[in-house]
Amino acid sequence: QVQLMESGGGLVQPGGSLRLSCTASGIIFNIYYMGWHRQAPGKQRELVATITNGGSTNYADSVKGRFTISRDNAKNTVYLQMNSLKPEDTAVYYCNWKNLYGFDYWGQGTQVTVSS
């Protein structure tokens, strides 16, 4: 079973930046999209950003202009560059890859805390 491994979370001050990484432990065929979700305490998990196999990107309105999703196929890795972070970005961030058959792969989550 292929696993997704996230890294890059941590504590950052408002206005700061973090880059999250998500690497698959093996090859996942027929990828439809790779993406990031987040879940804040007491809230539902929400979609943050996705990038399709064709390279098209999509962002939640709350992060447009601040976050950038990208991928490195050679490294089997997807990234989330987060700039101008706000306290409301505090959440556990989950990597999610979906294949063409609708099967979801999830990472274990990485905590991002934005606080002064």
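What counts and how
- Residues numbered from 1 in each chain as written.
- Predicted model: local features only at pLDDT ≥ 70, side-chain atom pairs only at ≥ 80, totals over all residues.
- Heavy atoms only, no water.
- Patch = residues over 30% accessible without salt bridge, like charges linked within 9 Å, V, L, I, M, F, W, Y side chains within 5 Å.
- Areas by Shrake-Rupley, 256 points an atom, 1.4 Å probe, with all protein chains shown as cover.
- Salt bridge = Lys/Arg side-chain N within 4 Å of Asp/Glu carboxyl O.
- Helix = DSSP H or I, 4+ residues; strand = E, 2+ residues; numbered from the N terminus.
- Pairing = 2+ DSSP bridges.
- Phe/Tyr/Trp six-rings, centres within 6.5 Å; stacked < 30°, edge-to-face > 60°.
- Buried < 20%, exposed > 50% of the residue type's maximum accessible area, 1.4 Å probe, protein only.
- Lys NZ or Arg CZ within 6 Å of the ring centre and 35° of its normal.

Enquirer: Would you explain a nonpolar patch on the surface in this entry?
Expert: Taken together, the side chains of Tyr 32, Leu 100 and Tyr 101 define a hydrophobic patch exposed on the protein surface, amounting to about 400 Å² of accessible area. Examined against the element boundaries, Tyr 32 turns out to sit in strand 4 (residues 31-39).

Enquirer: Just to check I follow, could you spell out the pairing of strand 5 (residues 46-52) for this structure?
Expert: Note on strand geometry: in a regular strand, side chains alternate between the two faces of the sheet. Two strands pair when backbone bridges link them, and strand 4 and strand 5 are joined in this way by 6 bridges, in the antiparallel orientation. From the neighbouring strand, His 37 faces strand 5, where its bridge partner is Leu 47. Counting the residues that bridge the hairpin from strand 4 to strand 5 gives 6 residues, and of these Gly 42 lies at a positive phi of roughly 75 degrees. Looking at chain direction, strand 5 and strand 6 (residues 57-59) are connected through 3 bridges and run antiparallel. By the bridge assignment for strand 6, Thr 50 is matched with Asn 58. Joining the antiparallel neighbours strand 5 and strand 6 is a turn of 4 residues, in which Gly 55 adopts a positive phi near 95 degrees.

Enquirer: Just to check I follow, could you spell out the packing of aromatic side chains for this structure?
Expert: What describes a pair of aromatic rings is the distance from one ring centre to the other and the angle between the planes of the rings. Applying the stated criterion across every chain yields a total of 2 aromatic pairs. The interplanar angle of 55 degrees and the centroid separation of 5.6 Å between the aromatic rings of Tyr 32 and Tyr 33 together place this pair among those described as tilted. Tyr 32 gets classed as partly exposed once you look at its relative accessible area, which sits at 45%. Seen in terms of ring centroids, Phe 103 and Tyr 105 are 4.9 Å apart; in terms of plane orientation they differ by 75 degrees. Their pairing is edge-to-face. Judged by its relative accessible area of 40%, Phe 103 is partly exposed. A cation over an aromatic ring shows up here: Arg 45 above the ring of Trp 106, its NZ or CZ 4.8 Å from the ring centre.

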